[in-house]
Amino acid sequence: MNTLLIRLNYLVMFAFILNATSLFGQKAEAPSNSYELGAKINEMTITEGGTVVVATNDGLVGIKPGQDGLLFNFTDYGKVKPEELNFIPRAPYVVVGQTGFGGLRTKTAVIDYMSGKVLFSTEKNGWKAIGLSQVLMPANKLVVSGQRKAKEKYAQAVAIYDLNTGDQVSFYTFKGSRQAMGTPLLLSDGVIIPTTKGLMKVDMETGNVLWENELKNIGWMVADKTEKDIYAFSSSANGKNTKIFKINANGSSAWADERKVKGGVSNFQILPQGLAVVSDVADSGKKGLGALTAAKAESKITMLSASNGEDLWEKAPKTKGYVQHFYIMDDGILFGIREGGINKISYDGQTLFKKPLKTGENILTMASTPQGLIYITSEDANIVNLDTGEQVWSKPLKFKRADAVSSDYDKKNDRYLIAADDKLYSIDANSGTSELLMEASFEGKEDPTSVEVRESGILLTSDQNMMLLDWDGKTNWHEYRRAPGKSAFGAILMGVTAVATAATAVAAYDAANQNRNRLGAYTSRGEAYADLGDGMAMATGASIGEMLKRFNATAATQNAQFVLTKLDDGVGLVKLNKDTGVAEKEIVLKDKKPDYQVDEFGGYLYYKANDKTIYAYNLND
């Protein structure tokens, strides 16, 4: 998934962030809640569940929206650095991990940030050092492996904990020098753990070892729906190739020999026709005569036989770049290349398009429409006949290589709207006829970065501008709030969203595409909101239930945009109604470079008033 698509979806879903350093911010006006943390703030994060988790010089603090006092104050490990935190995607857990000598985690704790409970810690659960800790969702289990304390003679062991309660479910002591490694595979009747001596399957209820084999250096595994066929992957130390093994449900080898593919496997799909494998090969870096035989930076697509692992295709499709989109269709595999290009190949290796479709670089969107496949890149857009690969629109919509491209579907008028290069294009969904609807003249040297179809019209926005158009592209109103001096807002925003938590990115992507390798329908942004919580629905527990309520609720600030600007009484945040442009609320922060975050789902502003204090403002009032 490209970072630009992540950025656009992330803006719709979760939060926009300005993270400028403010050593001595002045007192904010009339906060709803005030939190004295008692230690220097290093970083604050609005979690998927709405709890604000703050890393400080004393530990880790939790703040519940609208609740007085701290939800939790974890000080067992002293100062917590931001890089020592791991927020588990679509789960209410944050893992604190501090590394000691030799790269092992000597201190690890799992905290339920919705309830504030510490569910696991190395000290309280009898561990000296942790080599592996893996949260398994939606089972709500934690697998831990490492070295026990002195009273157990520093034995190597593995244990499983129930994260609903923190109770230990099972425990097993390794014999000899065996250690866990790689990512465990959770099955309905146990968990397979890669170790330095081979794979072992452990019953999660009893802790009994069900079987072992000698497959070493396994990094990760995949099972089919029946859990009878299991595939294990082992990458070479230099990353130049990957070995694929198939094992039976009892741990025995299903293939006579492993299969090897070039590069690292980035996508693996078990199909009735075989095993679809995408592996990415890095540029070998050779120059001169050596470049003639050097590996090219591109993806390889391979189809293997599930029965024996043999390559089913005489000739693999050419990619000439990295596979950015990969979709399973009824008649074959549709794929899009990051460097530009879309093609389709049948399950027996035959090219289905008359010729590869040329597109611009960086394919932001591929989705199905009644007319065919719509694609939008950083340079062009079109609809393609999925049977032939021919373009439906006589001419693709072309624009300069834009820093930001945004699109939405206008259901009322059955058309696609694409904003790029300070222009808004309208494409009729039936005829494919495109027209330049309008050119936006934004102030402050800004271009539109988002287009949104609303009941009242078409909304174009940027950091400091909002403009509502009627259905013909005429301006109803234009609201501009000047930035408070030279600000790093744009640069910081892009940097933050590019490394957004995996959960947020995946949630946004799944909402539009339903499944990673299934081509989804192009829908309006509003229709996509309903699917955000689906990824958590299989898990159980009070905290999961609380998170689901938040995901399934309409975003509190869906109808407003927050803009940092200079107000009459100083720098602050203004809440602008998306349908009228009217300022509904102003919060004066009296800080030239405020450090704050807005929770768009919950409707709260969190402002770092000074290096030990956070103020919270309820934006729903």
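For clarity, every value in this text was computed on a predicted model and none was experimentally measured. (Residues numbered from 1 in each chain as written. Predicted model: local features only at pLDDT ≥ 70, side-chain atom pairs only at ≥ 80, totals over all residues. Heavy atoms only, no water.)

Overview of the overall build of the protein
Consideration 1: Secondary structure summary: the protein contains five helices and 46 strands in total.
Consideration 2: For the protein, the share of sequence-separated contacts (at least 6 apart) that also reach a separation of at least 24 residues comes to 44%.
Consideration 3: Working note: accessible area of the protein is about 27,600 Å², and carbon and sulfur atoms make up 47% of it. (Helix = DSSP H or I, 4+ residues; strand = E, 2+ residues; numbered from the N terminus. Contact = heavy atoms within 4.5 Å. Areas by Shrake-Rupley, 256 points an atom, 1.4 Å probe, with all protein chains shown as cover.)

Quick notes on the environment of Ile374
Consideration 1: Tracing the sequence through the fold places Ile374 in strand β30 (residues 372–377).
Consideration 2: On the basis of relative accessibility, which here comes to 0%, the residue Ile374 falls in the buried class.
Consideration 3: Separated by 17 residues in the primary sequence, Ile374 and Gln391 have C-alpha atoms spaced 9.7 Å apart.
Consideration 4: What Ile374 contacts, discounting residues up to four positions off in sequence, is Thr365, Met366, Ala367, Thr369, Asn382, Ile383, Tyr416 and Tyr522. (Buried < 20%, exposed > 50% of the residue type's maximum accessible area, 1.4 Å probe, protein only.)

Structural notes on the sheet that holds strand β16 (residues 190–195)
Sheet strands line up and pair through hydrogen bonds in the backbone, either parallel or antiparallel.
Consideration 1: Ordered by their spatial adjacency, four strands build an open sheet running β15-β16-β17-β18, and the pairing between neighbours is antiparallel. The open sheet is flanked by β15 (185–187) and β18 (209–212), the only strands paired with a single partner. Each strand axis lies, on average, 20 degrees off the axis of its neighbour in the sheet, ignoring direction.
Consideration 2: Bridge analysis of β15 against β16 gives three bridges, and the strand direction is antiparallel. Residue pairing across strands places Leu187 opposite Gly190, the latter belonging to β16. (Pairing = 2+ DSSP bridges. Axes fitted to C-alpha atoms, helices over the stretch in contact; angles between N-to-C directions.)

Comments concerning the confidence of the model for the protein
Consideration 1: Per-residue pLDDT for the protein has a mean of 83; in total, 84% of the residues score no lower than 70.
Consideration 2: Taken as a whole, residues 528–532 scores under 50 in pLDDT and shows 11 contacts with residues more than four places along the chain or in a different chain. (pLDDT = per-residue confidence, 0-100.)

As for the sheet that holds strand β37 (residues 450–454)
Consideration 1: One open sheet accounts for four strands, arranged β37-β38-β39-β40; its pairing is antiparallel. Where the open sheet ends on each side, the last strands, each with one partner, are β37 and β40 (475–480). The sheet shows a mean angle of 15 degrees between the axes of neighbouring strands, direction not considered.
Consideration 2: Sheet analysis places strand β39 (residues 465–469) next to β40, joined by five bridges and oriented antiparallel. Pairing of Met467 across the sheet is with His478, part of β40.

Topic: the pattern of salt bridges
Consideration 1: Taken as a whole and judged by the stated rule, the model has 18 salt bridges.
Consideration 2: The shortest N-O distance in the salt bridge between Glu258 and Lys243 comes to 4.0 Å. You can see Glu258 sitting in the loop between β21 (241–248) and β22 (259–262) and its partner Lys243 sitting in strand β21, a full 15 residues away along the chain. (Salt bridge = Lys/Arg side-chain N within 4 Å of Asp/Glu carboxyl O.)

Here we look at the side chain of Lys575
Consideration 1: Turning to its location among the elements, Lys575 is positioned in strand β42 (residues 570–577).
Consideration 2: Here Lys575 occupies a buried position and makes no salt bridge, while the nearest side chain of opposite charge, Glu584, is found at 4.1 Å.
Consideration 3: Those residues in contact with Lys575 that sit more than four places away from it in its chain are Ala560, Gln561, Phe562, Val582, Ala583, Glu584, Lys585, Leu619 and Asn620. (Lys, Arg positive; Asp, Glu negative; His and termini not counted.)

With respect to unusual backbone geometry
Glycine aside, residues mostly have negative phi angles, and peptide bonds mostly take the trans form.
Consideration 1: For the bond from Met137 to Pro138, the omega torsion is 10 degrees, close enough to zero to count as cis.
Consideration 2: On the secondary structure map, Pro138 appears in the loop between β11 (127–136) and β12 (141–148).
Consideration 3: Here the phi dihedral of Tyr154 falls at roughly 55 degrees; this positive angle occurs in a residue that is not glycine.
Consideration 4: Along the chain, the position of Tyr154 falls in the loop between β12 and β13 (156–162).
Consideration 5: For Tyr154, a relative accessible area of 41% gives the class partly exposed.
Consideration 6: The phi torsion at Asn362 lies on the positive side, around 60 degrees, for a residue other than glycine.
Consideration 7: By the secondary structure assignment, Asn362 is in the loop between β28 (342–346) and β29 (363–369).
Consideration 8: The exposure class of Asn362 is buried, given its relative accessible area of 14%.

Description of the environment of Asp568
Consideration 1: Here Asp568 shows up in the loop between β41 (560–567) and β42.
Consideration 2: Separated by 20 residues in sequence, Asp568 and Val588 have C-alpha atoms that sit 8.9 Å apart.

Some thoughts on the packing of aromatic side chains
The relative placement of two aromatic rings is captured by the distance of their centres and the angle of their planes.
Consideration 1: Summed over the entire model, instances satisfying the criterion amount to 13 aromatic pairs.
Consideration 2: Taken together, a centroid distance of 5.0 Å and an interplanar angle of 55 degrees make the contact between Phe120 and Tyr161 tilted. Linking Phe120 in strand β10 (residues 117–121) with Tyr161 in strand β13, this pair joins segments that are 41 residues apart in sequence. Residues Phe120 and Tyr161 agree in their burial class; the two are buried.
Consideration 3: Ring centres 5.4 Å apart and planes at 55 degrees place the aromatic pair Tyr231 and Phe268 in the tilted group. A residue pair is termed long-range when its members are at least 10 positions apart, and Tyr231 in strand β20 (residues 229–235) and Phe268 in strand β23 (residues 264–271) qualify at 37 residues.
Consideration 4: Since its relative accessible area comes to 1%, Tyr231 is described here as buried.
Consideration 5: On the basis of relative accessible area, Phe268 is assigned to the buried category, the value being 11%.
Consideration 6: Through successive ring pairs, a cluster of aromatic residues spans Trp220, Tyr231, Phe233, Trp255 and Phe268. (Phe/Tyr/Trp six-rings, centres within 6.5 Å; stacked < 30°, edge-to-face > 60°.)

Some thoughts on a positive patch on the surface
Consideration 1: On the surface, Lys296, Lys315, Lys318, Lys320, Lys355 and Lys358 cluster together into a positively charged patch.
Consideration 2: The topology assignment puts Lys318 in the loop between β25 (298–304) and β26 (323–328).
Consideration 3: The class for Lys318 is exposed, based on a relative accessible area of 64%. (Patch = residues over 30% accessible without salt bridge, like charges linked within 9 Å, V, L, I, M, F, W, Y side chains within 5 Å. Charge placed at Lys NZ, Arg CZ, Asp CG, Glu CD.)

Structural notes on the side chain of Glu298
Consideration 1: Assignment of secondary structure puts Glu298 in strand β25.
Consideration 2: Within the local environment of Glu298, its side chain forms a polar contact with the side chain of Lys300, the two groups lying 3.1 Å apart. (Polar contact = N/O pair within 3.5 Å; in protein donor to acceptor, adjacent residues only side chain to side chain.)

Notes on the environment of Thr183
Consideration 1: For Thr183, the position within the fold is in the loop between β14 (168–173) and β15.
Consideration 2: Taking the C-alpha atoms as reference points, Thr183 and Met221, 38 residues apart in sequence, are found 7.5 Å from one another.

Focus: the pairing of strand β34 (residues 415–420)
Consideration 1: Of all six residues making up β34, six are buried, and the element is well covered by its neighbours.
Consideration 2: Burial of β34 is two-sided: the residues Arg415, Leu417 and Ala419 facing one way and the residues Tyr416, Ile418 and Ala420 facing the other way are all buried.
Consideration 3: As judged from the five bridges shared by strand β33 (residues 406–410) and β34, these two strands associate in the antiparallel manner. Bridged to Tyr409 within β34 is Tyr416.
Consideration 4: Hairpin connection of β33 to β34: four residues between the antiparallel strands, including Asp414 at a positive phi of 50 degrees.
Consideration 5: Bridge count for β34 against strand β35 (residues 423–428) is six bridges, and the pairing is antiparallel. Considered in β35, the bridge of Arg415 is made with Asp428.
Consideration 6: Taken together, β34 and the strand that follows it, β35, pair antiparallel across an intervening segment of two residues, in which Asp421 is found at a positive phi of about 55 degrees.

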